[in-house]
Amino acid sequence: IPAKSTYSFDADILAVYSNTVAVSQGQFGQHPLYVFTGNGVWLMGVDASGAGSYTTQVPCSREICNNGKGVTTTMQGVVFPTSMGLMLVNGAQAVNISADIAGLDTPELRKSGDAVERICGIVGKESIRNRVTFTEYLQNAFVAFDHNTNLLYVCNGEYDYVYVYNMTSGAWSTADGRYTELVK
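Residues numbered from 1 in each chain as written. Predicted model: local features only at pLDDT ≥ 70, side-chain atom pairs only at ≥ 80, totals over all residues. Heavy atoms only, no water.

### A look at the pairing of strand β9 (residues 142–146)
Note the threshold: Only protein chains enter the area calculation, which uses a 1.4 Å probe; residues under 20% of their type maximum are buried, those over 50% are exposed, and those in between are partly exposed. We count a stretch as a helix when DSSP gives it H or I for four or more residues in a row; a strand needs E for two or more, and each element gets its number in order from the N terminus. Strands were regarded as paired on the criterion that DSSP finds at least two bridges between them.
Within β9, four of the five residues are buried, which leaves the element mostly enclosed by the surrounding structure. As defined by bridge partners, β9 adjoins strand β10 (residues 151–155) across five bridges and the pair is classed as antiparallel. Residue Phe-145 lies in a different strand from β10, and its bridge partner there is Leu-152. Taken together, β9 and the strand that follows it, β10, pair antiparallel across an intervening segment of four residues, in which Asn-150 is found at a positive phi of about 65°.

Listed below in structure tokens is the structure:
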């Protein structure tokens, strides 16, 4: 018999992050933890008695996090990488914040000069023909958030460029540089 307040997710746990955004109207603090697993994102609820234990687990999103080191907290929610791109979970809703580049950035579309030019226009680069797709880049990337500038940095030490997302404007860009670890 499992101990009280023991939970099973039937998949590997990749990351656990705090939820700082209300799940719905009047429910701020009710589900303070996101658990990122191999079968989706779960919200953990706390015991209302103040005992400090978790009493519930509810599914939040069926999007599968494919890289636990790519999960990070921002002022707008928690971001996490998936095979579809970079997702932002805010309360109980997950949205793809990289759809502008991840949807265009496929090997097939790279063969088309028009698609490459559209991607280059979005990220502000002259050429990305020799780079991997954004979703491939995410597989081994870590994500860092700068609270002072509201910028999200997507870094993969295998490459000499990083993706930068402005959380205020929703604009993507790239910057030159190779970053292999995050100093906290």
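### Looking at the environment of Trp-172
Relative to the elements of secondary structure, Trp-172 occurs in strand β12 (residues 172–176). On the basis of relative accessibility, which here comes to 4%, the residue Trp-172 falls in the buried class. Trp-172 sits 71 residues away from Ile-101 along the chain, and the two C-alpha atoms are 8.1 Å apart.

### Some details on the nonpolar core
Side chains of a nonpolar character, in soluble globular proteins, are inclined to be buried together. Basically, it comes down to this: Buried residues of nine kinds, namely Ala, Val, Leu, Ile, Met, Phe, Trp, Tyr and Cys, make up a nonpolar core once their side-chain atoms join them within 4.5 Å.
In this structure, Leu-86, Leu-152, Val-154, Tyr-163 and Trp-172 are the most contacted members of the largest nonpolar core, which totals 23 residues. No other element matches the five residues that strand β11 (residues 161–166) contributes to this core. Formed by twelve residues, the second largest nonpolar core is a distinct cluster that contains Cys-60, Cys-65, Val-71 and Phe-80.

### A look at the pairing of strand β7 (residues 85–90)
Burial analysis of β7 places five of its six residues in the buried class, the great majority of the element. Here five bridges tie strand β6 (residues 77–82) to β7, and the two strands are oriented antiparallel to one another. Across the sheet, residue Val-78 finds its bridge partner in β7, namely Val-89. The antiparallel pairing of β6 with β7 creates a hairpin that spans two residues between the two strands. The pairing of β7 with strand β8 (residues 93–96) spans four bridges and is classified as antiparallel. In the sheet register, Asn-90 faces β8, and the bridge partner there is Gln-93. Joining the antiparallel neighbours β7 and β8 is a turn of two residues, in which Gly-91 adopts a positive phi near 70°.

### Overview of the environment of Glu-181
Secondary-structure assignment places Glu-181 in the segment after β12. Overall, the relative accessible area of 61% leaves Glu-181 in the exposed class. Distance in space between the C-alpha atoms of Glu-181 and Ala-141 is 9.6 Å, their sequence separation being 40 residues.

### Some remarks on the packing of aromatic side chains
By convention here, two paired aromatic rings are described through the distance between centres and the angle between planes. Short version of the rule: Side-chain rings of Phe, Tyr and Trp, where Trp is taken by its six-membered ring, are said to pair if the distance between their centres is within 6.5 Å; with planes under 30 degrees apart they count as stacked, over 60 as edge-to-face, and otherwise as tilted.
For the coordinates displayed, the defined rule picks out twelve aromatic pairs. Summarising the aromatic geometry, the rings of Tyr-161 and Tyr-163 are spaced 5.8 Å apart at their centres and angled 75° between planes, so their arrangement reads as edge-to-face. Both residues of the pair, Tyr-161 and Tyr-163, count as buried. Aromatic side chains Tyr-165 and Trp-172 sit 4.7 Å apart centroid to centroid with 40° between the ring planes, which places their arrangement in the tilted category. Three or more aromatic residues link up through ring pairs in this structure, and these residues are Phe-134, Tyr-137, Tyr-159, Tyr-161, Tyr-163, Tyr-165 and Trp-172.

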